[in-house]
Amino acid sequence: MFTHVRCVTTVCALSAALASCGTAEVPHTAHPAHAQPAPAPAPSSSQPPKLAPGPGGLTPVFMNGPRTLGKTVALTFDADMTADEGPRAASGEHFDNPELIAALRALKVPATVFMTGRWADEYPAEARSIGTDPQFEIANHSYSHYAFTGDCYGLPTVGTDRMKTDVERAYTAIRKAGVPHAMPYFRFPGGCYDQQALRALSGLGVTAVQWDVVSGDAFATDADAVAKQVLDGVKPGSVVVMHCTRSAAPTTERVVRTVVPELRKQGYRFVKVSELIGETGARR
C-alpha cells in the first residue's frame, strides 16, 4: 500500500481498524494534560501504579517515563477492531496477530497490549492467552474503537454521554474473554482526546496512556523503514505505539524482530507501561 511509514488521513478514513495511524504529533486539544500530573501515592504491591487525577478530578495523561533513571522502553500494541467490523472478520480479515505475540514471547519482551472490547469478543482465546501470561499486561482501548473527539483519522465518534460506558464495556468484554485482570490504563482510539473527553472519564480511576514514539507500522509495507523510525525515536523512558492487527499492520512482527536486538545492543531494557508509570511516581 505504501513504501513510507506514516499513513495519510485519506487512507485512515477508508479503514478505521487502527488506533494511531498518524504522525508523531497526535491531534488533541488537551494541551494542559501534556504536563505530567503529580503521581499518585505509592501503591501497595497488589495495586498497579497510576497517576493521580488532575485538577477537578480530570483524568491524568501519561506520555513517557523518566529520562534519567536508566535506559528503559515500553513497547505497546493496540489490538484494534471497531464495533462494526464483524462482517470483515467473518469474511476472513485478520484483526489479530498471533505471530507477533509468539515473537514477543520468543524474544522474552514484556509488553502492554491496549485491547478493544470488540477485539476481545472476536478473539477470546487469544485475549485470555495474552492476559494470563505474566510477560504481558492488558489495558483498555475502548469497546467500539470509536473516536472520543471529532475529526480523528476518519473514525466514527462516540458521544460524550457514552464515553464512560464504552470504556466500562471494554473492561467487561475483556473479563468475559477470561482475562483475570486488566490494568487501569486507557488509550484513546487514534490517540485523539480533548478536555471534554478527559472530563467524561473522570471517576473511572484510569490513567490515559499516550506515547512519545510513533512506529509508523499502520498500513506500512516497508518493515526496515518502520524499524528505523522506532530506533531513531526511542529515548530512555519512551513509550512506543505499534499494532496487533495483521490486516492493517502487516510488518509489525518483522519490525519487532529487528528493533528488539538492536535496542538491547544499545543497552535498553524492555518494560511494561506499569513499570514506567511506577518509575515516574518514584521519581517525584
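Check the entry above for the structure.
Scope of this entry: the structure provided in the associated data block. Since we're looking at a predicted model, the values are computed, not measured. (Residues numbered from 1 in each chain as written. Predicted model: local features only at pLDDT ≥ 70, side-chain atom pairs only at ≥ 80, totals over all residues. Heavy atoms only, no water.)

This next bit is on the pattern of salt bridges. For side chains bearing opposite charge, pairing can occur when the charged atoms are close. In total, this model carries 12 salt bridges according to the counting rule given. One salt bridge connects Asp78 with Arg187, and the closest N-O pair in it is separated by 2.8 Å. Here Arg187 lies in the loop between β5 (185–186) and α7 (195–200) and Asp78 lies in strand β2 (residues 72–79), a separation of 109 residues in the sequence. Three or more residues are tied together by salt bridges with common partners; here these are Glu85, Arg88 and Glu93. (Salt bridge = Lys/Arg side-chain N within 4 Å of Asp/Glu carboxyl O. Helix = DSSP H or I, 4+ residues; strand = E, 2+ residues; numbered from the N terminus.)

Our next topic: the side chain of Glu137. Looking at the secondary structure, you find Glu137 in strand β4 (residues 136–140). Of the side chains with opposite charge, Lys272 comes closest to the buried, unpaired Glu137, at an N-O distance of 5.1 Å. Polar side-chain contacts of Glu137 include one of 2.8 Å to the side chain of Thr112. Side chain to side chain, Glu137 and Ser274 meet in a polar contact 2.8 Å long. Non-local contacts of Glu137, meaning those with residues more than four positions away in its chain, are made with Ala111, Thr112, Val113, Met183, Tyr185, Lys272, Val273 and Ser274. (Buried < 20%, exposed > 50% of the residue type's maximum accessible area, 1.4 Å probe, protein only. Lys, Arg positive; Asp, Glu negative; His and termini not counted. Polar contact = N/O pair within 3.5 Å; in protein donor to acceptor, adjacent residues only side chain to side chain. Contact = heavy atoms within 4.5 Å.)

Once that is clear, we can look at the packing of aromatic side chains. Here the structure, examined in full by the defined rule, presents 5 aromatic pairs. On the numbers, 4.9 Å between centres and 80° between planes, the contact of Phe186 with Phe188 is edge-to-face. We note that Phe186, like Phe188, is buried. Aromatic side chains Phe188 and Tyr193 sit 5.4 Å apart centroid to centroid with 20° between the ring planes, which places their arrangement in the stacked category. The class for Phe188 is buried, based on a relative accessible area of 0%. Taking the relative accessible area as the measure of exposure, Tyr193 reaches 0% and is therefore buried. Connected via pairs of aromatic rings, a cluster forms that spans Phe148, Phe186, Phe188 and Tyr193. Geometry around Tyr143 places Arg169 over its ring, the cationic atom sitting 3.8 Å from the centre. Of note, Arg187 hangs over the ring of Phe114, and the distance from its end group to the ring centre comes to 4.1 Å. (Phe/Tyr/Trp six-rings, centres within 6.5 Å; stacked < 30°, edge-to-face > 60°. Lys NZ or Arg CZ within 6 Å of the ring centre and 35° of its normal.)

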